[in-house]
Amino acid sequence: MNLKPFFQIMGTPFAWISAMGRGLTRSGGRRTRPGQSSSAPINAATTPERLKPRPGSRPVEPINVGMRLNVLLVFFLLAFTILAARAIDLSWLQGAELQRRALNQYQRKIIAHGQRGRFLDRRGHTLAVSLPVRNLSVDIDHVADRVQLADQLAPILGMERHYLRRKLRKAKTGSFPVIARKLHPGIIQKIQHLNHPALFFIPDMQRFYTMGEITGHILGFVGYDGQGAEGLEKVFQKDLHGQTGSRIITQDRMGRVMPTVQNITDAKPGADIVLTIDATVQYIAYRALLRGVTHSKAKAGSVVIMDPKNGDVLALVNQPAFNPNNMLDSKPDQRRNRAILDAYEPGSTFKIFTIGAALDLGLIKESTQINIENGRFTIGDRTIRDFHVGNTILTVSQIIQKSSNVGAAKIGLMMKPDTLEQYILNFGFSRPTGIEQNNEAPGSLADITHYRYVGQANRSYGYGVLATPLQITTATTAAVNGGLLRSPHLVAGRMIHNQQLSLSRNEPKRVVSEQTSTILRRILTTVVSTEGTAAQAKVAGYTVGGKTGTARKASGRQGYMSGSYFASFVGFIPAEDPKIVIFVGIDEPDTKLYYGGLAAAPVFREIAEEVLPLLAVLPSTPVDVKLPPARTESKPPPLPTPPGAKPASPTAEEPATAELGYKHLSLAEAMEKAKKQGVVPVIKGSGLVTREHLEENGDLHLVLE
């Protein structure tokens with residue numbers, strides 16, 4: 001602070017008083033006449049008559065004016081010293097703090113988060129995006145009555161009064177607590193009508209998932225702090241978050257935020273993440289699994305679709321599902337990504353790897369005959385049984401076709417325990433696959449040190465082994481793609497400056513020879529035949545290979561739960577040169593449909609029939625296509641009204657039809673509405689719903705653009 005003007009102003013009277021004091025002291029207190037020296041003596045001759053003392057009066061003592069002026073000068077010097085010290089204290093010692101407090105009265109620095117990166121599918125469709133919203137904050141120093149403010153905000157925000165009162169009471173002086181986040185525009189308008197000087201809004205971002213629960217288990221969700229909490233949101237938090245910046249908002253004298261915003265440091269947006277997922281394939285899998293779980297009255301289910309050539313995961317869905325746009329309505333059981341977290345004893349699907357190991361070692365051929373002893377084989381005090389009995393001799397191919405536990409156990413016992421175990425490990429079991437998800441279950445192999453003979457027999461047909469649906473899918477791709485184990489991937493790369501940078505991938509590892517893989521593909525096609533266990537997995541025009549699994553569920557103690565099964569089917573199409581591998585798992589289906597061929601195979605067929613044309617995989621044999629009947633000029637009958645919909649009023653030009661209420665909704669909103677109505681719609685396109693149609697059989701068709 002410049003004090004020169006102050007010293008100049010204060011110094012002038014001091015100099016004048018000092019000079020006057022010196023003058024009066026020299027003159028003895030009299031005024032000097034013009035032309036007379038101030039040092040001339042006073043005598044009777046020169047003293048005027050009026051200055052002579054009166055008779056009888058007391059003599060007047062001369063006044064010491066100089067002393068009084070000196071006292072006054074000391075007083076002024078003392079006052080000046082105090083003022084100067086105060087000025088120095090305010091300008092130098094406390095200047096920075098006072099300036100900061102002054103700025104805080106009309107300016108506030110806030111953190112500006114960078115735009116969170118998007119998630120895109122393999123075709124560039126947006127799966128997750130951050131939209132601008134506002135949070136409500138309060139300047140505690142401008143709140144006169146905290147209880148009154150809480151009572152005003154509670155009904156607007158839909159919060160409990162006691163909660164807001166407690167939050168405001170605990171707020172410290174000088175703080176700016178956030179009262180509510182990601183407010184709806186209607187609520188913001190109501191708060192603005194309060195015109196309270198302590199309330200202000202902070203810009204924020206809200207995550208929106210365009211496909212809702214269809215991609216919920218893959219993408220996960222973000223917490224209230226904007227940090228990834230689950231799924232890919234958590235795994236790629238650093239890439240998506242970007243760099244934070246800072247900005248200054250200005251307030252008027254009443255504390256209201258002014259529209260001007262000054263950026264101090266610009267926030268940088270996060271990178272977009274490109275997935276291997278195909279949004280359309282993902283939806284097809286979601287819809288088919290939902291129907292399958294509902295039809296079989298199952299507890300849960302999972303579907304994994306993978307490209308065996310490179311390990312790309314085209315779809316991964318689970319039931320039950322959750323909507324990440326509405327986390328308050330979700331439960332932990334719904335948010336569980338069962339495809340990578342839940343490990344089961346796979347049962348008969350594991351026979352693929354046992355027989356693959358024996359073929360690779362040259363111990364058997366597909367025509368090798370095995371005595372299955374009419375489906376009953378006793379080892380020590382254990383008896384292995386087949387579901388389908390009545391045969392004594394089966395070839396290796398027939399053991400797979402009819403899913404013989406006895407045959408698989410005898411083939412497994414042909415190998416040394418360490419050799420079979422090494423093949424199991426080579427296929428990727430008992431360790432995480434390395435997919436881009438957090439907390440993936442590794443699975444396990446039971447310790448059979450004390451019961452090697454029985455334990456090895458059990459392993460051969462899928463017991464004593466814990467594996468996730470993703471592990472089974474990954475191992476199957478290695479068995480049928482030529483013998484190479486590739487790590488599964490959900491992420492293709494990052495988008496930086498509109499250019500996709502692919503992620504590095506590990507080199508594949510050979511598990512079995514190409515010849516063994518070719519034989520396995522040929523054997524597994526017999527399963528999807530009239531004599532096989534998966535006749536319902538047939539897809540017209542294509543050769544299909546695969547394996548069913550029906551495994552009893554362990555009780556958690558010694559033994560298994562009665563009537564509880566995990567039904568599964570893993571298949572590949574076309575069998576000669578697989579383009580996709582599909583795993584379907586149904587957890588605890590109805591006891592009438594607990595076989596893998598009845599509960600899981602139909603879901604596989606429904607998915608394959610829609611996905612193959614989409615991926616431009618042409619049929620190998622001619623297919624009879626049933627064309628819809630030709631249209632006539634007659635008016636069609638009115639459509640039935642779905643639950644909760646209001647029929648539209650008829651017009652002269654067109655028949656009365658039902659307003660379904662899906663137009664202009666996003667895919668996530670349409671799916672949420674359909675779920676409440678108990679409908680699984682057929683979706684075409686992306687964007688917003690532009691056309692809706694309900695067929696006579698009850699199927700809802702939505703067209704998005």
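In this text the structure is predicted, and so the values were computed from the model without any measurement. (Residues numbered from 1 in each chain as written. Predicted model: local features only at pLDDT ≥ 70, side-chain atom pairs only at ≥ 80, totals over all residues. Heavy atoms only, no water.)

What follows concerns the overall build of the protein. In terms of regular secondary structure, the protein is built from 21 helices and 28 strands. Buried positions account for 46% of the 705 residues belonging to the protein. At a minimum sequence separation of 6, the contacts of the protein that also span at least 24 residues come to 68%. With an accessible surface of roughly 37500 Å², the protein has 54% of that area assigned to carbon and sulfur atoms. (Helix = DSSP H or I, 4+ residues; strand = E, 2+ residues; numbered from the N terminus. Buried < 20%, exposed > 50% of the residue type's maximum accessible area, 1.4 Å probe, protein only. Contact = heavy atoms within 4.5 Å. Areas by Shrake-Rupley, 256 points an atom, 1.4 Å probe, with all protein chains shown as cover.)

A separate point is the packing of aromatic side chains. Across all of its chains, the model carries 15 aromatic pairs by this definition. For the pair Y565 and Y594, a centre-to-centre distance of 4.2 Å together with 20 degrees between the ring planes defines the contact as stacked. Of the two residues, Y565 is situated in strand β24 (residues 560–573) and Y594 in the loop between β25 (580–587) and α19 (596–599); the sequence distance between them amounts to 29 residues. On the numbers, 4.5 Å between centres and 25 degrees between planes, the contact of Y594 with Y595 is stacked. A residue is classified by how much of its surface remains accessible, and Y594, at 16% relative accessible area, is buried. Assessed through its relative accessible area of 29%, Y595 is described here as partly exposed. Of the aromatic side chains, those joined through ring pairs into one cluster are F350, F353, F427 and F429. When the ring centre of F201 is taken as reference, the NZ or CZ atom of R134 above it lies at 5.0 Å. A cation over an aromatic ring shows up here: K410 above the ring of F377, its NZ or CZ 5.0 Å from the ring centre. (Phe/Tyr/Trp six-rings, centres within 6.5 Å; stacked < 30°, edge-to-face > 60°. Lys NZ or Arg CZ within 6 Å of the ring centre and 35° of its normal.)

Mean pLDDT over the protein: 83, with 79% of residues reaching 70 or higher. Across residues 1–10, where pLDDT falls below 50, the model places 8 contacts with residues more than four positions away in sequence or in other chains. Contacts from residues 23–42, a stretch scored under 50 in pLDDT, to residues over four places away or in other chains number 16 contacts. (pLDDT = per-residue confidence, 0-100.)

The next subject is the side chain of T477. Structurally, T477 is set in helix α17 (residues 469–480). T477 gets classed as buried once you look at its relative accessible area, which sits at 2%. In contact with T477, other than residues within four places in its own chain, are M306, P308, L484 and V581.

Turning our eyes to something else, we now look at helix α20 (residues 601–614). Along an α-helix, residues three or four apart share an orientation, since each turn contains 3.6 residues. Taking 1.5 Å of rise per residue, 14 residues should cover 20 Å, and α20 covers 20 Å from first to last C-alpha, within 8% of that figure. Its maximal kink placed at A608, α20 deviates by approximately 25 degrees. Restricting attention to buried positions, one finds in α20 the residues A601, P602, V603, F604, E606, I607, A608, V611 and L612. Lining the buried residues of α20 we find α10 (279–295), β11 (300–306), β24, β25 and α19. Of the residues flanking the end of α20, it is A616, one or two places downstream, whose phi is positive at about 60 degrees. (Expected span 1.5 Å × (residues − 1). Bend = angle between axes of the 7 residues up to and from the residue.)

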